[in-house]
Structure formats: C-alpha cells, structure tokens
Amino acid sequence: MATRDSLIQVTDLKKHYKMGTIKALDGVTTTINKGDVMVVIGPSGSGKSTFLRSLNLLEEPTGGSIIFEGVDITKKKYKNAQGKTVKLDIDALRQKMGMVFQHFNLFPHMTILENMVLAPMKVRGMSREEAEKKARALLDRVGLADRADAYPIQLSGGQKQRVAIVRALAMEPEVMLFDEPTSALDPEMVGEVLDVMKELAKEGMTMVCVTHEMGFAREVGNRVLFMADGKLLEEGTPEQIFEHPQNLRLQDFLSKVL
Ligand SMILES: Nc1ncnc2c1ncn2[C@@H]1O[C@H](COP(=O)(O)OP(=O)(O)O)[C@@H](O)[C@H]1O
Ligand SMILES: [Mg+2]
C-alpha cells in the first residue's frame, strides 16, 4: 500500500470515569491517514463510541494526545506558528470532523433544507442562496432532491440517515466519523446508507466508521481496528483481521458476528 499522509495521530488516549474505575479508553494509539477508511469493530462497551467522540472532543479525554493538523487538540490552549499562545477553537475543529450518529439527530421542527443550511450559514457564514444551492446539490447526490421541503418525520430512517450524511458533508469536513450509522435502521434500508458511504470512500474521503456491518468492513475498509475493554487489541487490513485474526478475543468476537 502506498504511504499516506497522516491526518490524526492518537497516542495513549485515555478516558477514565469514576476515579479510574471505569476505563472507557485505556491507552489507544493509532494514526489516521488521509484517505483511510478505518473501520472500528468490537463488542458493546469496548470504547468504540468513546474513541470516536474523543476525536472531535464530544468527550474530553483524561489522558494522552490527539494531534490534528499539527495541534494537540486535547489541550485547551496551544502555541501557534508564531509562538503565540492561542485558545483551541472547538467549533472550527468540529467543522473539520463531520459526525454521523446512530440516531440521525436532525432537527424535527425544520425542513430537510433548513437542516442542511443551518450550520453552513451560521458557522461558515455562507449566504442563504449559496447554502441552499449547495444543499440541493448534495441532496441530489443521494437521490433526495425532491425531499428538500419535507420534515424529518416524513422521511424513512434510511432517507434521514442519508440527509444526516450530506448535512455533515455540507461543512466540507476533512474527515467523517460514523458511529453505527446503520444500527437503528430496518434491514431493507441498510444498503442505501452503506452505498452512500461507499461512494464517499471511493471519492477519497477520510472516514472512521464504527460498524457491525462486516461486509462493509471487508469491502470498503482499508484498515480494521478491533477494540475490547477500552484497548486496541488488533489492527490490520480486512484480510488480516477477518482471515487471520491473531488475538483470541478477536477470534471469539468474529465467531459470533460472522
Ligand atoms: N458517562 C459515562 N460514565 C461512566 N461510564 C461510561 C460513560 N460513558 C461510557 N461509559 C462506559 O465506557 C465504556 C465504553 O463505552 P462506549 O464507548 O459507549 O462503548 P461502545 O461504543 O464500544 O459500545 C462502557 O463500559 C460504558 O459503560
Ligand atoms: Mg457505541
């Protein structure tokens, strides 16, 4: 595999609760490279969501570091190129890391179009005209151009999740984080959401995906991480992880899910 530029370097990342009695993350070290489609698998409670949410600081890590674009984002302040101490801009950071959750998180009282233009207008200062144009183009990309004026409740789960994905894309993120985006969907809608994710991967989007869709992991992922008990127990290509798993916990996990 060609070497890729690293985008996010995670070192010894920890998230402890209750004085360290709960170790949701217990020293995770890995590098996310530009263009990676990293798939994170593991049993429930293994720290997958905590890992993902730590990357864009929805969780505040209790130890370790996350270097993104040369800055340790786990520190509230850092020294810029001029040597000046500046405050970390969490909003700016989150713009660069789009996140899609299991439960769509669309605003129920707003139309699909309003959901789409809100952040680009508010956070990026786009004009309504520009934001709407962009939103309609993105909706068209996922086959939902004709649903712009509908409300979330009028959409199926699969449609809502496709909107959630393009809503995140409207911010032109550097990386997209997916936390079990298909887990809440009826089975017949899983494919349409995975297809959108596959398209994104093909276009070279950097993605970190927590998922139970092992077919997706094999077919689309270039790296698979297996977590258990807050630790990264094994990492490899889909072939290494699925055909030649080394760790016993991973072997046991795969025997249950495959
Ligand atoms: N706010 C919290 N307080 C205490 N424990 C938590 C909290 N959030 C998560 N945990 C614990 O951290 C562990 C990892 O959780 P999570 O990252 O959600 O796992 P996963 O996404 O792999 O199912 C679990 O044991 C969970 O109970
Ligand atoms: Mg989770």
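As shown above, the structure is provided for reference.
Residues numbered from 1 in each chain as written. Chains lettered and ligands numbered in written order. Predicted model: local features only at pLDDT ≥ 70, side-chain atom pairs only at ≥ 80, totals over all residues. Heavy atoms only, no water.

Draft legend 1. Main features of the pattern of salt bridges. Going through the model one piece at a time under the given rule, you end up with 20 salt bridges. Notably, a salt bridge pairs D36 with R223, separated by 2.6 Å at the nearest N-O pair. Within this pair, whereas D36 is found in the loop between β2 (22-33) and β3 (37-41), its partner R223 is found in strand β11 (residues 223-228), the two being separated by 187 residues in sequence. Residues D36 and R223 agree in their burial class; the two are buried. E69 is the partner of K96 in a salt bridge, and the nearest nitrogen-oxygen pair spans 2.9 Å. Pair noted here: K96 is in helix α2 (residues 90-96) and E69 is in the loop between β4 (63-68) and β5 (71-72), with a separation of 27 residues, a long-range link. Judged by its relative accessible area of 32%, K96 is partly exposed. Overall, the relative accessible area of 43% leaves E69 in the partly exposed class. Residues joined by salt bridges that share partners form a network here, namely D36, R223 and E235. (Salt bridge = Lys/Arg side-chain N within 4 Å of Asp/Glu carboxyl O. Helix = DSSP H or I, 4+ residues; strand = E, 2+ residues; numbered from the N terminus. Buried < 20%, exposed > 50% of the residue type's maximum accessible area, 1.4 Å probe, protein only.)

Draft legend 2. Spotlight on the packing of aromatic side chains. Under the criterion given, the structure shown has one aromatic pair. On the numbers, 5.5 Å between centres and 40° between planes, the contact of F226 with F253 is tilted. Taken as a pair, F226 in strand β11 and F253 in helix α9 (residues 248-257) lie far apart in primary sequence, 27 residues in all. Assigned by exposure class, F226 and F253 land together as buried. (Phe/Tyr/Trp six-rings, centres within 6.5 Å; stacked < 30°, edge-to-face > 60°.)

Draft legend 3. The environment of L118, seen in detail. Secondary-structure assignment places L118 in helix α3 (residues 112-122). Taking the C-alpha atoms as reference points, L118 and A131, separated by 13 residues in sequence, lie 8.5 Å from one another. Residues within four places of L118 in sequence aside, it is in contact with F107 and M110. (Contact = heavy atoms within 4.5 Å.)

Draft legend 4. Quick peek at α3. Along α3, the positions that sit buried rather than exposed are I112, L113, N115, M116, V117 and P120. Those residues of α3 that are buried are in contact with α4 (128-141) and α5 (157-169).

Draft legend 5. Broad picture of the sheet that holds β5. Strands sit in the order β2-β1-β4-β5 across an open sheet of four strands; the sheet is antiparallel. Each end of this open sheet is capped by a strand with a single partner; those strands are β2 and β5. Across nine bridges, strand β1 (residues 6-17) lies against β2 in antiparallel orientation. Counterpart to H16 in the pairing with β2 is K23. Strands in contact with helix α1 (residues 48-55) are β1, β2 and β4; relative to β2, the strand with the most contacts, it is inclined by about 60°. (Pairing = 2+ DSSP bridges. Axes fitted to C-alpha atoms, helices over the stretch in contact; angles between N-to-C directions.)

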